[in-house]
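Residues per chain, in single letters:
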Amino acid sequence: MKDTIKLIAVLVIICAVAGSLLAWVHKVTYEPIQETERKVRNDAMKEVLPQYDNDPIAEAVAITADGGEWTFNVARMGGKFVGAAFETTSSKGYGGNIVIMVGVNADDAVQAVKILKQKETPGLGAKIEDPEWRAQFNGRSISETKWAVQKDQGDIDQITAATISSRAVTEAVKQGLSVYTGNRAEITKAAGEAK
Amino acid sequence: MKFWNEVIKGLWKENPIFRLVLGMCPTLAVTTSLENSLGMGMAATFVLLCSNIVISVIRNIIPSKVRIPCYIVVIASFVTIVDLLMNAFAYKLYESLGLFIPLIVVNCIILGRAEAFASKNSTMMSVADGIGMGLGFTLGLAVLGIFREVLGAGTITVWGDLKMTVKGMEPMLLLILAPGGFIALGLLLGFMNHIQNRLSLRKGKGYVTPPTLDCRHCVMCKWGEE
């Protein structure tokens with residue numbers, strides 16, 4: 001019995017010390033972690049949006065559509081709507097979800113796309129991250145483009161030997177764009193009201 | 001110099017990857033490039049060193065019945081600390097290693113050294129063991145990482161800026177995929193054993209396959225000792 005109490009006491013003390021140490025480290029690192037996360041998202045938005053001077057993260061428009069939650073971050077220049085960025089996810093990749101950030105501009109064209117997260121095969125599907133491949137999305141009109149890979153009679157050039165990954169990205173972009181088009185009025189109006 | 005002996009043994013004689021064959025999960029997962037290998041090696045070395053120090057300090061107050069839970073708490077705490085610190089102050093490193101850091105908790109090397117060494121030796125010796133084993137692990141990962149990256153992707157990358165491309169060959173993609181990890185590890189283990197055998201032969205003690213080859217009778221890891 002005495003032994004058992006000693007065992008429990010030692011374990012409790014060790015866990016308590018470890019726990020308080022962790023709490024302290026967490027407290028010290030909490031701010032810098034939030035800051036870097038913000039910075040990373042901000043950098044991604046700078047890449048996919050036209051030039052802006054507001055804080056798109058602060059101006060998020062939440063929309064429920066197509067069986068999911070969508071967040072559109074609105075970019076403005078001098079109070080005028082210049083574009084919006086949103087994240088779209090595809091579950092049809094070769095290795096888990098692909099998360100893509102898409103930026104659209106005020107002319108209803110895609111500004112740029114950026115792959116935020118992917119676990120495709122290195123050297124094949126992972127080429128969806130290559131800037132050369134992503135560049136073909138830039139400036140494409142939302143309504144006049146056939147959002148499918150060429151193999152499916154679309155306009156997007158698929159990567160050789162990585163049709164599945166290319167198709168997954170294209171379809172996710174298409175889905176996101178249709179949500180954007182369907183809710184365009186609300187997204188741009190929210191931008192106007194904020195100022 | 002007992003201290004240095006403990007450090008050096010981790011590099012070759014008891015190299016965690018090639019001799020002890022411990023910590024295979026992170027080894028196979030991260031060695032797709034030299035950069036990942038070095039990052040993982042350094043993070044594991046740091047955790048190993050910290051846990052060795054703490055465990056050797058408190059080794060006399062831990063009752064043997066609950067020693068494993070105590071080790072796990074100590075190790076998991078350090079891993080979480082590394083995870084948080086890296087996320088806050090070295091984001092670039094965190095981006096490429098973020099997935100693998102939690103793997104350190106279940107890295108057999110760290111628990112293995114806590115159980116086999118730090119719980120029985122003085123703090124000074126445990127520091128030496130931690131450094132030696134950590135460097136040995138890093139070295140092993142780096143060798144595998146170079147092998148796989150050069151042959152599998154045709155590049156050598158260190159921290160993204162120093163990227164060299166090996167010219168004049170078609171990369172063998174298989175090597176940076178999961179099966180390639182096993183193949184590369186097997187080839188390198190065979191190569192290390194071959195060298196070890198040569199060294200033993202030179203001393204006049206060649207390796208003879210035991211009649212009943214199983215884990216209890218295999219003495220591969222003991223060659224050239226004494």
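Small disclaimer: the values here were computed from a predicted structure and weren't measured.

So, how was this worked out
- Residues numbered from 1 in each chain as written.
- Chains lettered and ligands numbered in written order.
- Predicted model: local features only at pLDDT ≥ 70, side-chain atom pairs only at ≥ 80, totals over all residues.
- Pairing = 2+ DSSP bridges.
- Helix = DSSP H or I, 4+ residues; strand = E, 2+ residues; numbered from the N terminus.
- Axes fitted to C-alpha atoms, helices over the stretch in contact; angles between N-to-C directions.
- Contact = placed C-beta atoms within 7 Å.
- Core = buried A, V, L, I, M, F, W, Y, C linked by C-beta atoms within 7 Å.
- Buried ≥ 20, exposed ≤ 12 C-beta atoms within 10 Å, placed from the backbone.
- Nonpolar A, V, L, I, M, F, W, Y, C, P; charged D, E, K, R; others polar.
- Expected span 1.5 Å × (residues − 1).
- Bend = angle between axes of the 7 residues up to and from the residue.

**Student:** Explain the sheet that holds strand E5 (residues 110–117) of chain A here, please?
**Tutor:** Residues and elements named next belong to chain A. Taken together, the five strands give an open sheet; going across it, the order is E1-E2-E3-E4-E5, and neighbouring strands pair in antiparallel fashion. The sheet is open, and its two edges are formed by strand E1 (60–65) and E5, each paired on a single side. Averaged over neighbouring strand pairs, the angle between their axes works out to 25° when direction is ignored. Its contacts with the sheet put helix H1 (residues 2–48) on strand E2 (68–77), strand E3 (80–90), strand E4 (98–105) and E5, and the angle it makes with E5 is roughly 150°. In the packing of helix H3 (residues 163–182) onto the sheet, the strands contacted are E1, E2, E3, E4 and E5, and the crossing angle to E3 comes to about 135°.

**Student:** Sorry if this is basic, but what is going on with the nonpolar core here?
**Tutor:** Of all hydrophobic cores here, the largest spans 43 residues; its most connected members are Ala43, Val47, Val74 and Val82 of chain B. Elements represented by at least two residues in this core include exactly H1 of chain A together with helix H3 (34–57), helix H4 (67–89), helix H5 (91–97), helix H6 (108–118), helix H7 (123–152) and helix H8 (178–202) of chain B. For this core, the element with the most residues is H4 of chain B, which contributes 11 residues. The residues touching Val47 of chain B, leaving out its near neighbours within four places in the chain, are Ile75, Phe78, Val79, Val82, Ile104 and Ile110 of chain B. Counting residues in hydrophobic clusters, the runner-up holds 33 residues, among them Ile100, Met101, Ala162 and Ala172 of chain A.

**Student:** Sorry if this is basic, but what is going on with the interface of chain A and chain B here?
**Tutor:** Interface size is often expressed as the accessible area that is lost when the parts come together. The partner chain B presents 23 residues to the 18 residues of chain A that form the contact. A class-by-class count of the residues in the side of chain A that touches chain B yields 12 nonpolar, five polar and one charged.

**Student:** What exactly am I supposed to notice about H1 of chain A here?
**Tutor:** Within an α-helix, residues lying three or four positions from one another point in the same direction, as the helix has 3.6 residues per turn. Look at H1 of chain A: 66 Å from first C-alpha to last across 47 residues, which is about the 69 Å you get at 1.5 Å a residue. At Thr29 of chain A, H1 of chain A is bent by approximately 40°, the largest bend along its length, and proline Pro32 of chain A sits one to four residues beyond. Listing the buried residues of H1 of chain A in full gives Ile14, Ala18, Met45 and Val48 of chain A. Structurally, H1 of chain A contributes buried residues whose contacts are with E2, E3, E4 and E5 of chain A together with H4 of chain B.

**Student:** Quick question: what am I supposed to make of the pairing of E3 of chain A here?
**Tutor:** On a regular strand, one side chain projects to one face of the sheet and the next to the other, so that they alternate. Residues and elements named next belong to chain A. In this structure, E2 lies alongside E3, joined through six bridges in antiparallel fashion. Following the sheet pairing, Val74 is matched in E3 by Ala84. In this structure, the hairpin formed by E2 and E3 is closed by a connection of two residues, where Gly78 is found at a positive phi of approximately 60°. The pairing of E3 with E4 spans eight bridges and is antiparallel. Of the residues in E4, the one forming a bridge with Ala85 is Gly103.

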